[in-house]
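Overview (structure and organization)
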Amino acid sequence: MKKLQLPLSEAEREELKAGEPVLLSGIVYTARDAAHKRLFEMLDEGRELPFDLKDAVIYYVGPTPARPGQVIGSAGPTTSSRMDPYVPKMMENGMIGMIGKGRRSEKVKEAVVRHKGFYLVAAGGAGALLSHSIIKREPVAFEDLLSEAVTRITVKDFPCFVGIDCRGDDIYDLKEDDE
Amino acid sequence: MREISVREIEERIAEACGEIAVRYSPDLIKALQKGRTQETGFRSVTAMDILLQNAETAASQNIPICQDTGLVIVWLKIGSEVHFTDGLPSEAVNRGVARGYTECYLRASSVTDPLYERKNTKDNTPAVIYTEIVEGDQVEIEMMAKGFGSENKSALKMLTPADGEKGVKDFVLETIRNAGPNACPPFVVGVGIGGTFDSCAVNAKRALLRPVSESNSDPRYKKLEDDLLTEANQLGIGPLGFHGRTTALKVQVEYAPTHIAGLPVAVNMCCHVCRHARMVI
């Protein structure tokens, strides 16, 4: 299976093809609904974000608490479409990729194409398995949001599929066995 | 009268919270395995394999199947000959949920006020609690931990009697189609028909408590469930939305008497992680 090491060069991003399975490694930030609302407000007010959005990849996840000895608890993707309204501006400010589950809006697709970014899809409801591919986790911001806090995670061979590629092709529009 | 300490309710709820978060019920595992055999596409086969492998990892390593460990809904059927001691059963339910979610490292997903403050309550309380007084000296507890990826895709429609069976089917299938890949297929679909605006929705949720190996005892409604499942699986959404045959594992219908002017239909979407437990004290 194709292995991807973040950050991806423009050439590597252009090679991604909607529907193909990949194993992702590198640094990813976690953020979902409440964190996006705050990040967006900070962008609107021109304040500095708690992490550099340049080339950032965001995983839409709110994990369960880690047991002692665990890096992270169950950590599968949440529904990406709730974060759709934030995406164009986040990508204008440097974000290059997203990991989640489910369909995205046309505006998200356009932003992915415009910035030659990517949207990866992980298996919804497979949080136990996916947690094994997260090998490090550090707090970044908004700890009061508990599971919704922004954290920096290191993933190793994290299994996912290319959801939307930089041509705007969408995994959910492919037919079965369409390759 | 039989005296029951509400501490027993607290204990049983706390324990069940931890259990259903990490283990699919056997009927659901069977349904997933059956679904796996029906898939042929590369992605749909991979999707089912991932879900089955995840189920095994979750149970063997005590990690929640899904990070959305849900909001808790509890139905208490209280025998009229029961006398509770040590407090109120509703308080015991919430103490049980708080303990279960904290002690078992489950996610606190409940916020205080939905529109303005949205502050996390930190222990996943309050639970939604329904109580009913029944005959006897026992307490039956049924509970569910409902994820919101699928809850968000649920819908209710007040049909009219003229819409009939076709109207019901069209609305159920439209709701499943709208849920699409976002609500984590393969689904278990709870359908409530009849009653009032509110009770119809509760019946749709109650329908999800039934094991997927069991159908409605009324042959007409069983046929409706079977027909809806067949048609849902012709929608082609497939496992995780990657296209394929397994869009739903089961459609469960519960019905209730209704008004001469009405035909309410509620569809409570549930992802493949359909977590519920039943206990009797």
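Residues numbered from 1 in each chain as written. Chains lettered and ligands numbered in written order. Predicted model: local features only at pLDDT ≥ 70, side-chain atom pairs only at ≥ 80, totals over all residues. Heavy atoms only, no water.

1. A few points about helix H7 (residues 197-207) of chain B
Of all the residues in H7(B), the buried ones are B:Cys200, B:Asn203, B:Ala204, B:Lys205 and B:Ala207. On its buried face, H7(B) is in contact with strand S2 (71-79), strand S5 (139-146), helix H5 (148-151), strand S7 (187-195), strand S8 (248-258) and strand S9 (263-270) of chain B. (Buried < 20%, exposed > 50% of the residue type's maximum accessible area, 1.4 Å probe, protein only. Helix = DSSP H or I, 4+ residues; strand = E, 2+ residues; numbered from the N terminus. Contact = heavy atoms within 4.5 Å.)

2. Quick notes on the sheet that holds S8(B)
Residues and elements named next belong to chain B. One open sheet accounts for 4 strands, arranged S6-S9-S7-S8; its pairing is mixed. Every other strand in the sheet has two partners, leaving strand S6 (155-159) and S8 as the edge strands with one partner each. Taking the axes of each pair of neighbouring strands and ignoring which way they run, one obtains an average angle of 15 degrees across the sheet. Across the face of the sheet, helix H8 (residues 219-232) comes into contact with S7 and S8 while running at roughly 140 degrees to S8. (Pairing = 2+ DSSP bridges. Axes fitted to C-alpha atoms, helices over the stretch in contact; angles between N-to-C directions.)

3. Side note on the domain arrangement of chain B
Residue and element names in this part refer to chain B. Per the domain assignment, the segments of chain B are domain 1 (2-20 + 65-146) and domain 2 (148-274). Placing the centre of domain 1 and that of domain 2 at their C-alpha centroids yields a distance of 25 Å. Taken together, the contact pairs 12 residues of domain 1 with 13 residues of domain 2. Carbon and sulfur atoms supply 67% of the area buried between domain 1 and domain 2, which totals about 1,000 Å² over both sides. In terms of surface lost to domain 2, no three residues of domain 1 exceed Trp75, Met144 and Lys146, which account for 54% of the buried area on that side. Across the contact surface, domain 1 and domain 2 share 2 salt bridges. The partner of Glu151 in a salt bridge is Lys146, and the shortest N-O contact between them spans 3.0 Å. There are 5 residue pairs in polar contact (both at pLDDT 80 or more) connecting domain 1 and domain 2. (Domains from an automatic or database assignment. Buried area = accessible area lost by both parts, 1.4 Å probe. Salt bridge = Lys/Arg side-chain N within 4 Å of Asp/Glu carboxyl O. Polar contact = N/O pair within 3.5 Å; in protein donor to acceptor, adjacent residues only side chain to side chain.)

4. What about the interface of chain A and chain B?
At the interface, 45 residues of chain A touch 41 residues of chain B. When the two sides are added together, the surface that chain A and chain B hide from each other amounts to roughly 3,300 Å², 57% of it contributed by carbon and sulfur. The interface formed by chain A and chain B contains 0 salt bridges. Counting across the chain A and chain B interface gives 19 residue pairs in polar contact (both at pLDDT 80 or more). Top contributing element to the side of chain A that touches chain B by residue count: helix H5 (residues 127-131) of chain A, with 4 residues. Residues that form the side of chain A that touches chain B fall into these classes: 17 nonpolar, 17 polar and 11 charged. (Nonpolar A, V, L, I, M, F, W, Y, C, P; charged D, E, K, R; others polar.)

5. Here's the deal with the sheet that holds strand S4 (residues 128-134) of chain B
Each strand in a sheet pairs with another by means of backbone hydrogen bonds, the pair being arranged parallel or else antiparallel. All names here are of chain B. With mixed pairing, 4 strands are arranged side by side in an open sheet as S4-S2-S5-S10. The open sheet has two free edges, formed respectively by S4 and strand S10 (275-280), since each of these has just one partner strand. Pairs of neighbouring strands in the sheet enclose a mean axial angle of 10 degrees, with direction left out of account. Relative to S10, S5 runs antiparallel, the two sharing 6 bridges. Each residue of the ladder has a partner; that of Met144, found in S10, is His276.

6. Description of the packing of helix H1 (residues 6-22) of chain B against helix H4 (residues 89-103) of chain B
Residues and elements named next belong to chain B. Running from N to C, H1 and H4 point in directions that differ by 35 degrees, and their axes come no closer than 7 Å. In terms of crossing hand, the pair formed by H1 and H4 is right-handed. Here Val6, Ile9, Glu10, Glu11, Ile13, Ala14 and Cys17 of H1 come into contact with H4, specifically with Pro89, Ala92, Val93, Arg95, Gly96, Val97, Arg99, Gly100 and Tyr101. Per-class residue counts for the contact of H1 with H4 are 10 nonpolar, 2 polar and 4 charged. (Left-handed = near helix turned anticlockwise from the far one by under 90°.)

7. Quick look at unusual backbone geometry
Only a minority of non-glycine residues have a phi that is not negative, and only a minority of peptide bonds are not trans. Residue B:Pro126 is bonded to the preceding B:Thr125 through a cis peptide linkage, with omega at 0 degrees. Between B:Pro185 and B:Pro186 the backbone carries a cis peptide bond, its omega angle lying at 5 degrees. Within the element layout of this structure, B:Pro186 appears in the loop between helix H6 (164-179) and S7. Its identity as a non-glycine residue notwithstanding, A:Leu146 has a phi of 55 degrees, on the positive side. Mapped onto the elements, A:Leu146 comes out in the loop between strand S6 (134-141) and strand S7 (150-164). With a phi close to 45 degrees, B:Arg118 is a non-glycine residue in the positive phi region. Its relative accessible area of 52% is what places B:Arg118 among the exposed residues.

8. Examining the packing of aromatic side chains
Residue and element names in this part refer to chain A. Tallied over the full model, the rule gives 7 aromatic pairs over all chains. Between Tyr29 and Phe51 the ring centres are 4.2 Å apart and the planes differ by 20 degrees, which places this aromatic pair in the stacked class. With Tyr29 in strand S2 (residues 21-30) and Phe51 in the loop between helix H2 (33-44) and strand S3 (57-59), this residue pair connects regions lying 22 residues apart in the sequence. Under the relative-accessibility criterion, Tyr29 is labelled buried at 12%. Residue classification places Phe51 among the buried residues on the basis of a relative accessible area of 6%. The interplanar angle of 70 degrees and the centroid separation of 5.3 Å between the aromatic rings of Tyr59 and Phe158 together place this pair among those described as edge-to-face. (Phe/Tyr/Trp six-rings, centres within 6.5 Å; stacked < 30°, edge-to-face > 60°.)

9. Some points on the packing of helix H2 (residues 26-38) of chain B against helix H3 (residues 42-61) of chain B
Residues and elements named next belong to chain B. The N-to-C vectors of H2 and H3 enclose an angle of 155 degrees; their axes lie 9 Å apart at closest approach. As judged from the angle between their axes, H2 and H3 are roughly antiparallel. Viewed along their axes, H2 and H3 form a crossing whose handedness is left-handed. Contacts from Ile29, Leu32, Gln33, Gly35 and Arg36 in H2 reach Val45, Met48, Asp49, Leu52 and Ala55 in H3. For the contact of H2 with H3, a count of residues per class yields 6 nonpolar, 2 polar and 2 charged. (Parallel < 35°, antiparallel > 145°, perpendicular 65-115°, else oblique.)

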